[in-house]
Amino acid sequence: MSADLSCPVCGAEFDLAVLFKSEESRKTFERLTASCSPLRDRLAQYAALAKPPKHKLGTDKALRIIATLLPDIERGAITRNGRDWPAPLSAWAQAIDQMLERRNAGALELPMKGHGYLYSILQGMADKHEAYVKDSGLLLGIERVCNDTASAMDIALLAYRYAVALEQRMPS
């Protein structure tokens with residue numbers, strides 16, 4: 001056995017494979033590290049919000065919680081209230097941070113029983129950005145070119161996603 005990891009508490013060394021009791025857990029971890037590594041630590045903290053008091057949250061359960069989010073994280077959108085809302089990685093990070101801040105302030109009812117609150121935050125953020133796109137006149141200009149409101153909204157949202165991506169790459 002090669003010692004890939006060591007316990008921060010007792011110093012015991014163990015192989016990374018020991019962490020994953022099932023093939024499903026291993027695959028979830030691989031998807032997590034491949035598709036959303038900037039969110040990895042936040043997602044671990046988010047999963048811990050589902051831990052009942054005086055109980056431990058096992059690795060398999062934490063990975064199952066995260067696995068239910070991965071399809072939406074990977075596609076950069078959520079479906080809520082019958083429609084798709086854009087949800088780039090930066091929005092996921094902000095939404096999870098907001099939940100963690102509420103937890104730290106004692107304003108979040110724990111344990112979380114689903115992803116509804118997270119998705120409502122993401123939807124609210126997307127709704128605000130959509131309103132900004134409409135109010136900024138960007139949508140109107142694109143509508144003139146497209147002659148189709150639905151296509152214009154898609155293009156405007158893509159333009160917004162592009163602007164967010166550029167903003168993330170700019171040095172602060």
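This one's a predicted model, so the numbers in the text were calculated from it and none came from an experiment. (Residues numbered from 1 in each chain as written. Predicted model: local features only at pLDDT ≥ 70, side-chain atom pairs only at ≥ 80, totals over all residues. Heavy atoms only, no water.)

Trainee: Please clarify how the overall build of the protein chain should be interpreted in this entry.
Mentor: Each helix and strand in the protein chain was counted, giving 7 helices and 4 strands. If you list the helices and strands of the protein chain from N to C, you get β-β-α-α-α-β-β-α-α-α-α. Counting all 172 residues of the protein chain, 33% fall into the buried class. The contacts of the protein chain with a sequence gap of at least 6 include a subset with a gap of at least 24, amounting to 53%. (Helix = DSSP H or I, 4+ residues; strand = E, 2+ residues; numbered from the N terminus. Buried < 20%, exposed > 50% of the residue type's maximum accessible area, 1.4 Å probe, protein only. Contact = heavy atoms within 4.5 Å.)

Trainee: Help me understand the pairing of strand S3 (residues 77-80) in this model?
Mentor: Regular strands place side chains that alternate from one sheet face to the opposite one. Where S3 and strand S4 (residues 83-86) come together, 4 bridges link them in antiparallel fashion. Bridge pairing in S4 links alanine 77 to proline 86. Following S3, the chain reverses through 2 residues before pairing antiparallel with S4; asparagine 81 in that reversal takes a positive phi of roughly 55°. (Pairing = 2+ DSSP bridges.)

Trainee: Whenever I open this one, empty space enclosed by the protein confuses me. Can you help?
Mentor: To find leftover empty space, a probe the size of one water molecule is rolled over the atoms. Under the defined criterion, the tally for this structure stands at 1 cavity of 30 Å³ or more. Of the pockets and cavities examined, the largest cavity occupies roughly 40 Å³. Lining the largest cavity are Pro86, Pro88, Ala91, Leu122, Met125, Ala126, His129 and Tyr160. Here the lining of the largest cavity takes 4 residues from helix H5 (residues 116-135), the largest share from any one element. Among the residues making up the lining of the largest cavity, the classes are represented as 7 nonpolar, 1 polar and no charged. (1 Å grid on protein atoms, 1.4 Å probe; cavity = no way out; pocket = protein on both sides within 12 Å on 5 of 7 lines; lining within 4 Å. Points joined across faces, edges and corners; volume = space filled by probe spheres on them. Nonpolar A, V, L, I, M, F, W, Y, C, P; charged D, E, K, R; others polar.)

Trainee: Explain the packing of aromatic side chains here, please?
Mentor: We describe a pair of aromatic rings using the distance from one ring centre to the other and the angle between the two ring planes. For the structure shown, the criterion picks out 1 aromatic pair. Considering the side-chain rings of tryptophan 92 and tyrosine 119, the 5.8 Å spacing of their centres and the 85° angle between planes classify their relative orientation as edge-to-face. With tryptophan 92 in helix H4 (residues 89-104) and tyrosine 119 in helix H5, this pair connects stretches of sequence that are 27 residues apart. Each of the two residues, tryptophan 92 as well as tyrosine 119, counts as buried. (Phe/Tyr/Trp six-rings, centres within 6.5 Å; stacked < 30°, edge-to-face > 60°.)

Trainee: In this structure, what is going on with helix H2 (residues 40-48)? I would like to understand it.
Mentor: Count 3.6 residues to each turn of an α-helix, and residues three or four apart come out pointing the same way. For H2, every residue scored as buried is listed here: Leu43, Tyr46 and Ala47. Looking straight down H2, one finds that the buried residues subtend no more than 100° of arc, so they occupy a single side. (Arc of directions from axis to C-beta.)

Trainee: Looking at this structure, how should I read the side chain of histidine 115?
Mentor: Counting through the fold element by element, histidine 115 comes out in the loop between H4 and H5. Of the polar contacts made by the side chain of histidine 115, one reaches the side chain of threonine 68; its length is 2.6 Å. When sequence neighbours within four positions are dropped, the list of residues in contact with histidine 115 reads Tyr46, Ile65, Thr68 and Leu69. (Polar contact = N/O pair within 3.5 Å; in protein donor to acceptor, adjacent residues only side chain to side chain.)

Trainee: Whenever I open this one, the environment of lysine 113 confuses me. Can you help?
Mentor: Positionally, lysine 113 belongs in the loop between H4 and H5. For the pair lysine 113 and proline 52, spaced 61 residues apart in sequence, the C-alpha to C-alpha distance is 9.8 Å.

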